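Overview (structure and organization)
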Amino acid sequence: MDLGVRWTLHGDGRTPAPGAVVRPDERLSWPRTIGLGAQHVVAMFGASFVAPVLMGLDPNLAIMMSGVATVIFLLATRGRVPSYLGCSLSFVGVAAVIRAQGGTSATVTGAVFVVGIALFLVGLAVRRFGARIIHATMPPIVTGAVVMLIGFNLAPVTASTYWPQDQWTALLVMLFTGLAVVCLRGFWSRIAIFLGLVFGYGISWAFDRIFGKIHSVDASGQLTDHWRLDLSGVSKADWIGLPSFHGPSFQWSAILVALPVVIALVAENAGHVKAVGEMTGTRLDDKLGTAISADGVASMLSTAVGGPPNTTYSENIGVMAATRVYSTAAYWAAAGFALLFGICPKFGAVVAAIPGGVLGGITVILYGMIGLLGAQIWLNARVDLRNPLNLVPAAAGIIIGVGGVTLKFTENFSLNGIALGTLVVITGYHALRAMAPAHLKTQEPLLDEGTSSYDEVEDQRASS
């Protein structure tokens, strides 16, 4: 049985030849391959460590299970789809809502465990019926709207929880991270979030030395005098030890909040497989269902022991594009590094000590980027938002999801926020499409004929 763990040496094993790429079944020399593996781990540091911290989960367990998840994914895809699996930011909003409803870490991981099951089943369906089942049930207007409402639903978390802890540090970190994303190039731009974290640590330490303690709300929401950067837990942590484990707890209210993330994860996986296929010049459509199922299994395994869910990471696509090395051997090395970091409690304590103001500056950008990925899905698919068939369900669902609108059925059961918004987008689109006249389904007529005519005039002027 071919598990994709055999690689041929590419060229001299040093660098890719001009215009060539190191394919998934090839590798460079082992020292260079191990170095690339370390680079992949660093590339996902920012988001993959911020996500479990924001979800209230153990960052050490998160990094350990990301290594395990990566191994599962590579074995499942037989080494044909190079990918690192880390904690998806799409779940941060879900965790925030569940905790706001009184849920615990076990409730969060239990809800996400069910998401893993759903993702696994979707993957099986894609393997059986092909990718067309995704396009039929979740067209771009639906996936874009759901991703957007998941991202923008997080805005109050930044505004009310992290930013008030240290507004000036948050502002500086936001500016620095934004500059890093835009102005840096190649690998450095891919680790902009990580650089923002390092900058925030430095600024917080300097402000503590210069201004002393800050009088603001702390992580628990209490107004106190406290240090911005508290590293007391780092000195107490051991160098070697296992992370903390816990089992999941299942509540229907939490599960209903979490299930819509399946749509975002399917979109992430489809985009990842397509991007890797285009960059390597290999058709990977037949591996889409396997990749989705592998994500589901990895997420179930991680959440079963108290870790966060795992999915493919876009940061690592950037590293592959910059280095032209798509070797899965590098990802095996990355998984090994992740497992080593996972058994170092002192490393996890450093991550857990991220100041609230630093998270405030970073999440302003991160959460906005998640939301705007939904807009990018619309742009790539050329979705016409002037067609009421697209506009109405998306508009209603986004406002419900972002605004936290609640639909109460009984004293003990209600739908709100992300869950209700997603339900409105999906059912609204398909219901309206079933009843809409044929000419709307072609997306030819526009919502505003005046705007349409104006656009045509402008086009004529531009071409003359």
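Rules of the game
Residues numbered from 1 in each chain as written. Predicted model: local features only at pLDDT ≥ 70, side-chain atom pairs only at ≥ 80, totals over all residues. Heavy atoms only, no water. Helix = DSSP H or I, 4+ residues; strand = E, 2+ residues; numbered from the N terminus. Buried < 20%, exposed > 50% of the residue type's maximum accessible area, 1.4 Å probe, protein only. Contact = heavy atoms within 4.5 Å. Areas by Shrake-Rupley, 256 points an atom, 1.4 Å probe, with all protein chains shown as cover. Arc of directions from axis to C-beta. Salt bridge = Lys/Arg side-chain N within 4 Å of Asp/Glu carboxyl O. Core = buried A, V, L, I, M, F, W, Y, C linked by side-chain atoms within 4.5 Å. Axes fitted to C-alpha atoms, helices over the stretch in contact; angles between N-to-C directions. Parallel < 35°, antiparallel > 145°, perpendicular 65-115°, else oblique. Left-handed = near helix turned anticlockwise from the far one by under 90°. Phe/Tyr/Trp six-rings, centres within 6.5 Å; stacked < 30°, edge-to-face > 60°. Lys NZ or Arg CZ within 6 Å of the ring centre and 35° of its normal. Patch = residues over 30% accessible without salt bridge, like charges linked within 9 Å, V, L, I, M, F, W, Y side chains within 5 Å.

1. Quick word on the overall build of the protein
Scanning the protein for helices and strands turns up 22 helices and 8 strands. Across the 464 residues of the protein, 50% fall into the buried class. Expressed as a percentage of contacts within the protein between residues at least 6 apart in sequence, the contacts between residues at least 24 apart total 78%. Of the roughly 20800 Å² of accessible surface on the protein, 64% is carried by carbon and sulfur atoms.

2. Regarding helix α7 (residues 155–162)
All of the buried residues in α7 are Val-157, Thr-158 and Tyr-162. Taken around the axis of α7, the buried residues stretch over an arc of 95°, which confines them to a single face. Exposed side of α7, more than 90 degrees from the buried face: Ala-159 and Ser-160 are the residues found there.

3. Brief notes about the pattern of salt bridges
Side chains carrying opposite charge are able to pair once their charged atoms draw close together. This structure, assessed with the given rule, holds 4 salt bridges. Asp-166 is the salt-bridge partner of Arg-228, the closest N and O atoms lying 3.2 Å from each other. Note that Arg-228 is positioned in the loop between β5 (223–226) and α11 (232–236) and Asp-166 in the loop between α7 and α8 (167–183), a separation of 62 residues in sequence. Each member of the pair, Arg-228 as well as Asp-166, is classed as buried.

4. Structural notes on helix α3 (residues 92–100)
Where α3 is concerned, the buried positions are Val-92, Gly-93, Val-94, Ala-95, Val-97 and Ile-98. Trailing α3 by a residue or two, Gly-102 shows a phi angle of about 95°, which is positive.

5. Here's the deal with unusual backbone geometry
Unusually for a residue other than glycine, Arg-78 sits at a positive phi of about 55°. When you line up the elements, Arg-78 lands in the loop between α2 (59–76) and β3 (85–86). One non-glycine residue with positive phi stands out, namely Arg-382, at about 55°. Secondary-structure assignment places Arg-382 in the loop between α18 (356–381) and α19 (388–403). Given a relative accessible area of 74%, Arg-382 falls into the exposed group.

6. Considering the side chain of Ser-293
Within the secondary structure layout, Ser-293 lies in helix α14 (residues 288–304). A relative accessible area of 7% places Ser-293 in the buried class. Residue contacts for Ser-293: discarding those within four places in its chain leaves Leu-119, Phe-120, Gly-123 and Leu-124.

7. A few points about the nonpolar core
The tendency in soluble globular proteins is for nonpolar side chains to be buried side by side. Counting residues in each nonpolar core, the largest one holds 90 residues, and the members touching the most others are Met-55, Tyr-84, Val-92, Tyr-367 and Trp-378. Each residue touching Met-55, except ones within four places of it in the same chain, is listed here: Cys-87, Phe-91, Val-92, Ala-95, Arg-99, Val-108, Pro-308 and Pro-309. Ranked by size, the runner-up nonpolar core spans 5 residues in total, among them Val-22, Leu-36, Val-325 and Ala-330.

8. Examining the packing of α19 against helix α20 (residues 417–435)
Pairs of packed helices are described in terms of their axes, by the angle between the two and the distance that separates them. Where α19 meets α20, the closest approach of the two axes is 7 Å, and the angle between their N-to-C directions is 170°. Overall, the two elements α19 and α20 adopt an arrangement that is roughly antiparallel. Helix-helix and strand crossings are classified by hand; for α19 and α20 the assignment is right-handed. The segment α19 lies against α20, with Leu-389, Asn-390, Val-392, Pro-393, Ala-396, Gly-397, Ile-400 and Gly-401 engaging Gly-417, Ile-418, Leu-420, Gly-421, Val-424, Val-425, Gly-428, Tyr-429, Leu-432 and Arg-433.

9. Looking at the packing of aromatic side chains
Taken as a whole, this structure holds 5 aromatic pairs when the rule is applied. When the centroid spacing of 5.9 Å and the interplanar angle of 85° are considered together, the rings of Trp-7 and Trp-30 count as edge-to-face. In this pair, Trp-7 is assigned in the segment before β1 (8–9) and Trp-30 in helix α1 (residues 30–55), connecting sequence segments 23 residues apart. With centroids separated by 6.0 Å and ring planes inclined at 70°, the aromatic side chains of Phe-113 and Phe-250 adopt a geometry described as edge-to-face. Of this pair, Phe-113 sits in helix α4 (residues 105–129) while Phe-250 sits in the loop between α11 and α12 (252–258), and the two are 137 residues apart along the sequence. In this structure Phe-113 comes out as buried when scored by relative accessible area, which is 19%. Relative accessible area serves as the criterion here: at 47%, Phe-250 is assigned to the partly exposed category. Between the NZ or CZ atom of Arg-209 and the centre of the ring of Trp-227, over which it lies, the distance is 5.8 Å. It is Lys-346 that lies over the ring of Trp-239; its NZ or CZ is 5.2 Å from the centre.

10. A closer look at the environment of Val-108
Turning to its location among the elements, Val-108 is positioned in helix α4. Exposure remark for Val-108: the relative accessible area of 1% places this residue in the buried category. When the C-alpha atoms of Val-108 and Ile-98 are compared, they prove to be 6.6 Å apart, with 10 residues separating the residues in sequence. Setting aside residues up to four positions removed in sequence, Val-108 forms contacts with Met-55, Ala-95, Ile-98 and Arg-99.

11. So, a nonpolar patch on the surface
A cluster of nonpolar side chains, namely Trp-239, Ile-240, Leu-242, Phe-245, Leu-340 and Ile-343, defines an oily patch on the protein surface of about 720 Å² accessible area. Mapped onto the elements, Phe-245 comes out in the loop between α11 and α12. By relative accessible area, which is 44% here, Phe-245 ends up partly exposed.

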